[in-house]
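Structure assessment
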Amino acid sequence: GAVVSQHPSWVICKSGTSVKIECRSLDFQATTMFWYRQFPKQSLMLMATSNEGSKATYEQGVEKDKFLINHASLTLSTLTVTSAHPEDSSFYICSARDQPGSVGELFFGEGSRLTVL
Amino acid sequence: AQSVTQLGSHVSVSEGALVLLRCNYSSSVPPYLFWYVQYPNQGLQLLLKYTSAATLVKGINGFEAEFKKSETSFHLTKPSAHMSDAAEYFCAVSDHNNDMRFGAGTRLTVKP
């Protein structure tokens, strides 16, 4: 199946700093990528839909100025957590479909665990 | 709006016993349904999917699920549990807009 890779897999940062997480589709082009947030022992919460070449679509309650998403190419989307605070600590997962416009499965990255001190 | 409900946040079975993880969906259009598995500190891996073809869907690792429209259910089963099946399982629903929503998850524990 298609491969989606995230980097870094884990990061620790100080409060007030910004952290960038990359999501790459390694063997296919992804016009749309999805960013999820997962709290311990909870489900995935869709944060935003990242569209190549255009602005991301954010879910209700997600601060777009806090979680900056850039989808500059068909194989790369980035999530930047700006001025991170301890409550931003979480597991962030990206996903993509390898067949745009069809209801195929989502391929997930390995996830990135962010810890804000 | 579409959604899924997973009954039971934690299921414990003995090795070799039947695994049954429950999922009910709500959708205003014919749904596409999925089961994913997540191991600790990893992303999600697709077990199986239903996309309006056969109602009984067979997936990887011996898992299968049956789509029952009358019951709005898509329960996941495996005849004989293995220790390696211990993980978190998520049911998900998607519509024609390709927006996927996940259930709360069910943690499966397998006892020796």
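Heads up: these notes are all about the structure in this document.

Residue-level contacts link 22 residues of chain B with 22 residues of chain A. Approximately 1,600 Å² of surface area, both sides summed, lies buried where chain B meets chain A, with 52% of it carried by carbon and sulfur atoms. Counting across the chain B and chain A interface gives one salt bridge. Across the pair Glu59(A) and Arg101(B) runs a salt bridge, and its minimum N-O distance is 3.0 Å. Taken together, the elements giving at least two residues each to the side of chain B that touches chain A come down to strand S4 (32-38), strand S5 (44-50), strand S9 (87-94) and strand S10 (100-102) of chain B. Per element, the largest residue contribution to the side of chain B that touches chain A is four residues, and it comes from S4(B). Classifying every residue of the side of chain B that touches chain A gives nine nonpolar, eight polar and five charged.

To continue, consider the pattern of salt bridges. Inspection of the entire model under this criterion finds six salt bridges over all chains. In this structure, Arg24(A) and Glu22(A) form a salt bridge, with 3.5 Å as the shortest nitrogen-oxygen distance.

Residues and elements named next belong to chain A. Mapping Ser95 onto the fold places it in strand S9 (residues 90-96). Classification of Ser95 as buried rests on a relative accessible area of 0%. Residues contacting Ser95, with those up to four places away along its chain left out, are Thr32, Met33, Phe34, Tyr36, Leu106, Phe107 and Phe108.

Here we take up the sheet that holds strand S7 (residues 64-68) of chain B. Residue and element names in this part refer to chain B. Taken in spatial order, the five strands make up an open sheet running S1-S3-S8-S7-S6, and their pairing is antiparallel. The open sheet has two edge strands, strand S1 (3-7) and strand S6 (56-58), and neither has a second partner. Adjacent strand axes in the sheet meet at a mean angle of 20° when their direction is disregarded.

On to a nonpolar patch on the surface. On the surface, Trp10(A), Ile12(A) and Leu117(A) cluster together into a nonpolar patch covering about 390 Å² of accessible area. Position of Ile12(A) relative to the elements: it lies in strand S2 (residues 10-13).

The next thing to look at is the sheet that holds strand S8 (residues 76-81) of chain A. Residues and elements named next belong to chain A. Taking strand neighbours across the sheet as the criterion, the four strands line up as S1-S3-S8-S7 in an open arrangement whose pairing is antiparallel. Here the strands that pair on one side only, and so sit at the sheet edges, are strand S1 (4-7) and strand S7 (67-73). Geometrically, the sheet is characterised by an average inter-axis angle of 15° between neighbouring strands, direction not taken into account. Bridging between S7 and S8 involves five bridges; their strand directions are antiparallel. Each bridged residue has a counterpart across the sheet, and for Asn70 the counterpart in S8 is Thr78.

Counting across every chain of the model gives 13 aromatic pairs over all chains. A centroid spacing of 6.3 Å and a plane angle of 50° characterise the contact between Tyr50(B) and Phe74(B), whose relative ring orientation is tilted. A residue pair is termed long-range when its members are at least 10 positions apart, and Tyr50(B) in strand S5 and Phe74(B) in strand S8 (residues 73-78) qualify at 24 residues. The class of Tyr50(B) is buried, set by a relative accessible area of 8%. A residue is classified by how much of its surface remains accessible, and Phe74(B), at 0% relative accessible area, is buried. Through successive ring pairs, a cluster of aromatic residues spans Tyr36(A), Phe108(A), Phe34(B), Tyr36(B), Phe90(B) and Phe102(B).

Conventions adopted
- Residues numbered from 1 in each chain as written.
- Chains lettered and ligands numbered in written order.
- Predicted model: local features only at pLDDT ≥ 70, side-chain atom pairs only at ≥ 80, totals over all residues.
- Heavy atoms only, no water.
- Contact = heavy atoms within 4.5 Å.
- Buried area = accessible area lost by both parts, 1.4 Å probe.
- Salt bridge = Lys/Arg side-chain N within 4 Å of Asp/Glu carboxyl O.
- Helix = DSSP H or I, 4+ residues; strand = E, 2+ residues; numbered from the N terminus.
- Nonpolar A, V, L, I, M, F, W, Y, C, P; charged D, E, K, R; others polar.
- Buried < 20%, exposed > 50% of the residue type's maximum accessible area, 1.4 Å probe, protein only.
- Pairing = 2+ DSSP bridges.
- Axes fitted to C-alpha atoms, helices over the stretch in contact; angles between N-to-C directions.
- Patch = residues over 30% accessible without salt bridge, like charges linked within 9 Å, V, L, I, M, F, W, Y side chains within 5 Å.
- Areas by Shrake-Rupley, 256 points an atom, 1.4 Å probe, with all protein chains shown as cover.
- Phe/Tyr/Trp six-rings, centres within 6.5 Å; stacked < 30°, edge-to-face > 60°.

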